[in-house]
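Take a look at the letters that make up each chain.
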2 protein chains.
Amino acid sequence: MKTKLPNQKQIEHLKDICNKAGIKLTHQRLAIFRELMISHDHPSAEIIHKRLEKSLPTLAIDTVYRTLSTFNELGIVKKLHLKNERTLFDANPDQHHHFICTRCKAVKDLYWEDFDKSTLPESIHNIGHIQFRHLELHGLCNRCLKESNL
Amino acid sequence: MKTKLPNQKQIEHLKDICNKAGIKLTHQRLAIFRELMISHDHPSAEIIHKRLEKSLPTLAIDTVYRTLSTFNELGIVKKLHLKNERTLFDANPDQHHHFICTRCKAVKDLYWEDFDKSTLPESIHNIGHIQFRHLELHGLCNRCLKESNL
DNA sequence: AATTAAATAGTAATTATTCTTGTTGACTTT
DNA sequence: AAAGTCAACAAGAATAATTACTATTTAATT
């Protein structure tokens, strides 16, 4: 399932992306990209920084954050839970999910009972025992849609 | 869908919960609870603090955080995204979802194509236009399951 | 090789959240 | 009702993740 391209191909791909985006492929970016490609454990910026300590002792943590943000914008990585914002609290006790507007960050409750009732894939048993599921739908809310069409 | 109990009943419910948990129902806790009950916009601790500024000018932001954490443990509210932990990055380009262990916080990829193909409920048209979906399954991973059974 | 603009390192700043400490105030016991 | 007790609080300090600032370096271009 997880496509594992040969290393050189991945790097060519990165070069392509950087060229198209008009940004430079620096040592630091390449090193962070390589580290991401061999890491299968969803590392944090700090962990990536630590892992590159030996090969790039002068690498600044700031650069790791900036590069990961750049990669995020280029679609190379995804931030797992978007923590730029404050923790939000939800007092709705009913089973529900969330729509999050990528533009204005508004959060709206939504209900999807068919999904709540659906059975999980068999492969779950290889991973663990589920206590609850939380779905986030990301997109543009109707208000922001209108505004962007003006 | 969203059950809206009459106010007095909700407060009785809170009293019950506090009694059972052996904690006091203080002015501050009651005020924060009331604010949560009339807020339908997933407020942050800071916003709740601001909204209570007039009625409780001496309320400390720290108390809001502490109370919300207490409420979280009591199941009265849920934290939406936890600012506390580090942002994690995912370089797997394939459509996938995540299992998150509630105990060791490990994150594992999982694939669920049936869900990816399923059509969203009609009601999302009232909310906005979806760009992507992200599912989080929370539970105990097999390793933590074993350890807790020792 | 020189130029130029983007990217980096190092350090400082910012910001959400939590901790520390002394105080308050709601119960309990007398 | 007065004194005692302990959870909960306010205030300000501390922490930790992330971002901003600035002088320097580096990659791409001429």
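Residues numbered from 1 in each chain as written. Chains lettered and ligands numbered in written order. Predicted model: local features only at pLDDT ≥ 70, side-chain atom pairs only at ≥ 80, totals over all residues. Heavy atoms only, no water.

Peer 1: Quick question: what am I supposed to make of the sheet that holds strand β5 (residues 128–141) of chain B here?
Peer 2: Note on sheets: strands pair through backbone hydrogen bonds, and any given pair is parallel or antiparallel. The strand order across the open sheet built from six strands is β4(A)-β3(A)-β5(A)-β5(B)-β3(B)-β4(B), with neighbouring strands paired in mixed fashion. Sheet topology places β4 (107–110) of chain A together with β4 (107–110) of chain B at the edges, where each strand pairs with a single neighbour. Neighbour-to-neighbour, the strand axes of this sheet turn through a mean angle of 30 degrees, independent of strand direction. Looking at chain direction, strand β3 (residues 97–101) of chain A and β4 of chain A are connected through four bridges and run antiparallel. For isoleucine 100 of chain A, the partnering residue across the bridge sits in β4 of chain A and is valine 107 of chain A. (Pairing = 2+ DSSP bridges. Helix = DSSP H or I, 4+ residues; strand = E, 2+ residues; numbered from the N terminus. Axes fitted to C-alpha atoms, helices over the stretch in contact; angles between N-to-C directions.)

Peer 1: Would you mind showing me how to read the domain arrangement of chain A here?
Peer 2: One frequent convention defines the size of an interface as the accessible area lost when the parts assemble. Assigned domains within chain A: domain 1 (7–74) and domain 2 (97–148). Of note, the centres of domain 1 of chain A and domain 2 of chain A, computed from C-alpha atoms alone, are 29 Å apart. (Domains from an automatic or database assignment.)

Peer 1: How should helix α2 (residues 27–38) of chain B be read in this particular structure?
Peer 2: Given 3.6 residues per turn, any residue in an α-helix points the same way as the ones three and four places further on. All names here are of chain B. Taking 1.5 Å of rise per residue, the twelve residues of α2 would be expected to cover 16 Å, and the 17 Å separating its terminal C-alpha atoms lies within 8% of that figure. Buried residues of α2: Arg29, Leu30, Ala31, Ile32, Phe33, Glu35, Leu36 and Met37, and no others. On its buried face, α2 sits against α1 (7–21), α3 (45–51) and α4 (61–74). (Expected span 1.5 Å × (residues − 1). Buried < 20%, exposed > 50% of the residue type's maximum accessible area, 1.4 Å probe, protein only. Contact = heavy atoms within 4.5 Å.)

Peer 1: When you look at the side chain of histidine 42 of chain A in this model, what are you seeing that I'm missing?
Peer 2: Inspection of the secondary structure assignment puts histidine 42 of chain A in the loop between α2 (27–38) and α3 (45–51). The exposure class assigned to histidine 42 of chain A is buried, which follows from its relative accessible area of 6%. Of the polar contacts made by the side chain of histidine 42 of chain A, one reaches the backbone oxygen of valine 107 of chain B; its length is 3.3 Å. Sequence-distant contacts of histidine 42 of chain A, that is, excluding residues within four places in its chain, are made with Leu80 of chain A together with Leu88, Phe89, Asp90, His98, Val107, Lys108 and Asp109 of chain B. (Polar contact = N/O pair within 3.5 Å; in protein donor to acceptor, adjacent residues only side chain to side chain.)

Peer 1: Help me understand the interface of chain B and chain A in this model?
Peer 2: Each side of the interface is counted separately: chain B has 65 residues, and chain A has 66 residues. Summing both partners gives a buried area of about 6500 Å² for chain B against chain A, and 61% of it is carried by carbon and sulfur. Joining chain B to chain A, the criterion identifies zero salt bridges. Our count for the chain B to chain A interface comes out at 24 residue pairs in polar contact (both at pLDDT 80 or more). Take the side of chain B that touches chain A: its biggest share by element is 14 residues, from β5 of chain B. Tallied by class, residues from the side of chain B that touches chain A come to 31 nonpolar, 20 polar and 14 charged. The pairing of strand β5 (residues 128–141) of chain A with β5 of chain B spans 13 bridges and is classified as antiparallel. Along β5 of chain B, the bridge assignment pairs histidine 129 of chain A with leucine 140 of chain B. (Buried area = accessible area lost by both parts, 1.4 Å probe. Salt bridge = Lys/Arg side-chain N within 4 Å of Asp/Glu carboxyl O. Nonpolar A, V, L, I, M, F, W, Y, C, P; charged D, E, K, R; others polar.)

Peer 1: Looking at this model, I keep getting lost on the environment of histidine 13 of chain A. Mind explaining?
Peer 2: Following the sequence through the fold, histidine 13 of chain A ends up in helix α1 (residues 7–21). Counting along the chain gives 137 residues from histidine 13 of chain A to leucine 150 of chain A, while the straight-line C-alpha distance between them is 36 Å.

Peer 1: Please clarify how the pairing of strand β3 (residues 97–101) of chain B should be interpreted in this entry.
Peer 2: Two faces, one strand: in a regular strand the side chains alternate between the faces of the sheet. Residues and elements named next belong to chain B. Among the five residues that make up β3, five are buried, leaving the element largely enclosed by the rest of the structure. Where burial is concerned, the two faces of β3 agree: the one with His97, Phe99 and Cys101 and the one with His98 and Ile100 are both buried. Pairing geometry for β3 and β5, over four bridges, is parallel. Considered in β5, the bridge of phenylalanine 99 is made with leucine 137.

Peer 1: Could you clarify how one ought to interpret the relation of the copies chain B and chain A in this entry?
Peer 2: With an axial shift of 0.0 Å and an RMSD of 0.2 Å, the rotation relating chain B to chain A amounts to 179 degrees. Those values place the two copies in the arrangement expected of a two-fold rotation axis. The share of interface residues of chain B whose copies in chain A are also at the interface is 100%, consistent with both copies meeting through the same surface. (Least-squares fit on C-alpha atoms with pLDDT ≥ 70 in both.)

Peer 1: Looking at this structure, I do not really get the packing of α1 of chain B against α2 of chain B. What am I missing?
Peer 2: Between two packed helices, what matters for the description is the angle formed by their axes and the separation of those axes. All names here are of chain B. As a packed pair, α1 and α2 sit with axes 11 Å apart at the nearest point and diverge in direction by 135 degrees. Judged by the inter-axis angle, α1 sits oblique to α2. The two elements α1 and α2 cross, and the hand of that crossing is right-handed. On α2, the residues that touch Asn7, Gln10, Ile11 and Leu14 of α1 are Leu30, Phe33, Arg34 and Met37. Taken together, the residues of the contact of α1 with α2 break down into five nonpolar, two polar and one charged. (Parallel < 35°, antiparallel > 145°, perpendicular 65-115°, else oblique. Left-handed = near helix turned anticlockwise from the far one by under 90°.)

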